[in-house]
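Here is how the chains run, residue by residue.
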Amino acid sequence: MGPQADDNQTDKLRREAEKQIPGSTDASQQIESMSPDELRHLVHELRVHEIELRMQNDTLRQTQYELEKLQERFRELYDNAPVGYISIDTEGIINTANRTSADLLGLIRKELIGRRFTRFISSGDKTRYLEFFKPLTSGHPHGWVEVRLLKAGGESFHARLEGHAMAHGKPEADEILLCLSDISEKKQAEDELEKTRDQLRKLAAHLQSVREEERKSMAREIHDEMGQVMAYLKMSLPVIEARIPETDTETRRRIQTMKESLADSIQSTKSIISRLRPYQLDELGLIPALESYVQEFQEQSGIKTHLFASEAQPGLSPEKATALYRIVMEGLSNAARHSGASYVVVSITEGCKKITLEISDDGAGFKKIAEDSETSYGIMGMRERAMSVDGDLEIDSETSRGTRLTAWFPK
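No experiment lies behind these values; they were computed from the predicted model shown.

A. Just the layout of surface pockets, in detail. The space that makes up the second largest pocket amounts to roughly 700 Å³. Those elements that place two or more of their residues in the lining of the second largest pocket are helix H7 (184–242), helix H8 (249–276), helix H9 (279–283) and helix H10 (286–301). In terms of residues, the lining of the second largest pocket owes the most to one element, H7, which gives 10 residues. Partitioning the lining of the second largest pocket into residue classes produces 7 nonpolar, 10 polar and 10 charged.

B. Molecular detail of the nonpolar core. Membership of the largest hydrophobic core comes to 34 residues, with the highest contact counts inside it found for Leu324, Leu332, Leu357 and Phe409. Among the secondary structure elements, those contributing two or more residues to this core are H10, helix H11 (318–339), strand S7 (343–350), strand S8 (354–361), helix H12 (374–388) and strand S10 (403–410). Looking at this core element by element, the count peaks at 9 residues for H11. Setting aside anything within four residues of it in sequence, one finds Leu332 in contact with Tyr293, Val294, Phe297, Thr305, Val344, Val346 and Ile359. Residues Ile86, Ile88, Leu149 and Ile176 belong to the second largest nonpolar core, which totals 25 residues.

C. Region of the structure containing the sheet that holds strand S4 (residues 156–166). Strand order across the open sheet formed by 5 strands is S2-S1-S5-S4-S3, with antiparallel pairing between neighbours. One side of each edge strand has no neighbouring strand; the edge strands of this open sheet are strand S2 (94–97) and strand S3 (142–150). Within the sheet, the average angular offset between the axes of one strand and its neighbour, ignoring direction, is 30°. Pairing analysis gives 3 bridges linking strand S1 (residues 84–88) to S2, with the strands arranged antiparallel. Within S2, the residue paired with Ile88 across the bridge is Ile94.

D. Up close: the packing of H10 against H11. The N-to-C vectors of H10 and H11 enclose an angle of 15°; their axes lie 11 Å apart at closest approach. In terms of their interaxial angle, H10 and H11 are classed as roughly parallel. Every pair of crossing elements has a handedness; the one defined by H10 and H11 is right-handed. Across from Leu286, Ala289, Leu290, Tyr293, Val294, Phe297 and Ser301 in H10, the residues of H11 making contact are Ala321, Leu324, Tyr325, Val328, Met329, Leu332, Ser333 and Ala336. Partitioning the contact of H10 with H11 into residue classes produces 13 nonpolar, 2 polar and no charged.

Conventions and cut-offs
Residues numbered from 1 in each chain as written. Predicted model: local features only at pLDDT ≥ 70, side-chain atom pairs only at ≥ 80, totals over all residues. Heavy atoms only, no water. 1 Å grid on protein atoms, 1.4 Å probe; cavity = no way out; pocket = protein on both sides within 12 Å on 5 of 7 lines; lining within 4 Å. Points joined across faces, edges and corners; volume = space filled by probe spheres on them. Helix = DSSP H or I, 4+ residues; strand = E, 2+ residues; numbered from the N terminus. Nonpolar A, V, L, I, M, F, W, Y, C, P; charged D, E, K, R; others polar. Core = buried A, V, L, I, M, F, W, Y, C linked by side-chain atoms within 4.5 Å. Buried < 20%, exposed > 50% of the residue type's maximum accessible area, 1.4 Å probe, protein only. Contact = heavy atoms within 4.5 Å. Pairing = 2+ DSSP bridges. Axes fitted to C-alpha atoms, helices over the stretch in contact; angles between N-to-C directions. Parallel < 35°, antiparallel > 145°, perpendicular 65-115°, else oblique. Left-handed = near helix turned anticlockwise from the far one by under 90°.

The following block contains the structure:
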């Protein structure tokens, strides 16, 4: 604002002020009645007041100048912000937009004003956008959504919209400020990461399948080779013992020790074969195999363990049955090693589309597990087993309130 404009503004204010001064007759009479000292004092006060007004005027001019600088800085920041800003009314019509938003949509700013914003939403995402937009016009202060936006040339890109409802002192919002961010690179990275995760899951599933086959082969070899040898020894020792004189107590004692050691070896071999690949799982099915394992676990750990499952065999493929069996093994092992539980319940329920496994204990529980702890690796292994057969797994635990493991498997 130049000096001439300031003078014109001053003259205008003077004229407005003169209109508000009462009739000059009374003022003249008051001045005529004043003494010289009173007149000098009045003139002094008027001069002081004039100087004060001039100083105030200078201050106001400086303040106005600084405000204009701030406004110009705000416009620069607004236009060149790293995100797009678009203001729309409650009908979705664009009122204002910054340069960044126009660049993102491939238009110049004036081409955006007056258009309906849904014009730039991909047809497949319009429903999602409206679900985000409607709450902002009915009292919800803010929200966000990820949609695909269309540029002027028809090209689409992934964007994140953050909406802020502005009421401007009114009871309800009359304007919505949208913040636009191009997240195409982020989406591409997420897609690539998901592909990598999917490949890793498939690789993990393949490795687990190979490992199960190796375990099955090893169990079969141990059963066939060691089983035959132990069976031969078990049959031969009584024959040898029968030929030894009753008076040869030392030899008989040694044979008895051998029979006891052989019985222990047979039991250990059965346990090894069971851990490698329980024959019940292949020959009798999932539930009998779990019943046998739960009974063995209870005897070895001293923890009361109950299995609740329907008598009918769950309709699971061999891969899913194996995954469920291994999760039970790991879940019970964790309960024995870490929880301090005295009671564990394993339940399997069958729905029309899925099988649900739940393992609950009355142990110490936990709040958070360190990522590099043994327990964390065990949980990750169980979750990967579930996910490798299109299932999922969750852990719910609180300190001093026990732990509940839940896994779901589609039929």
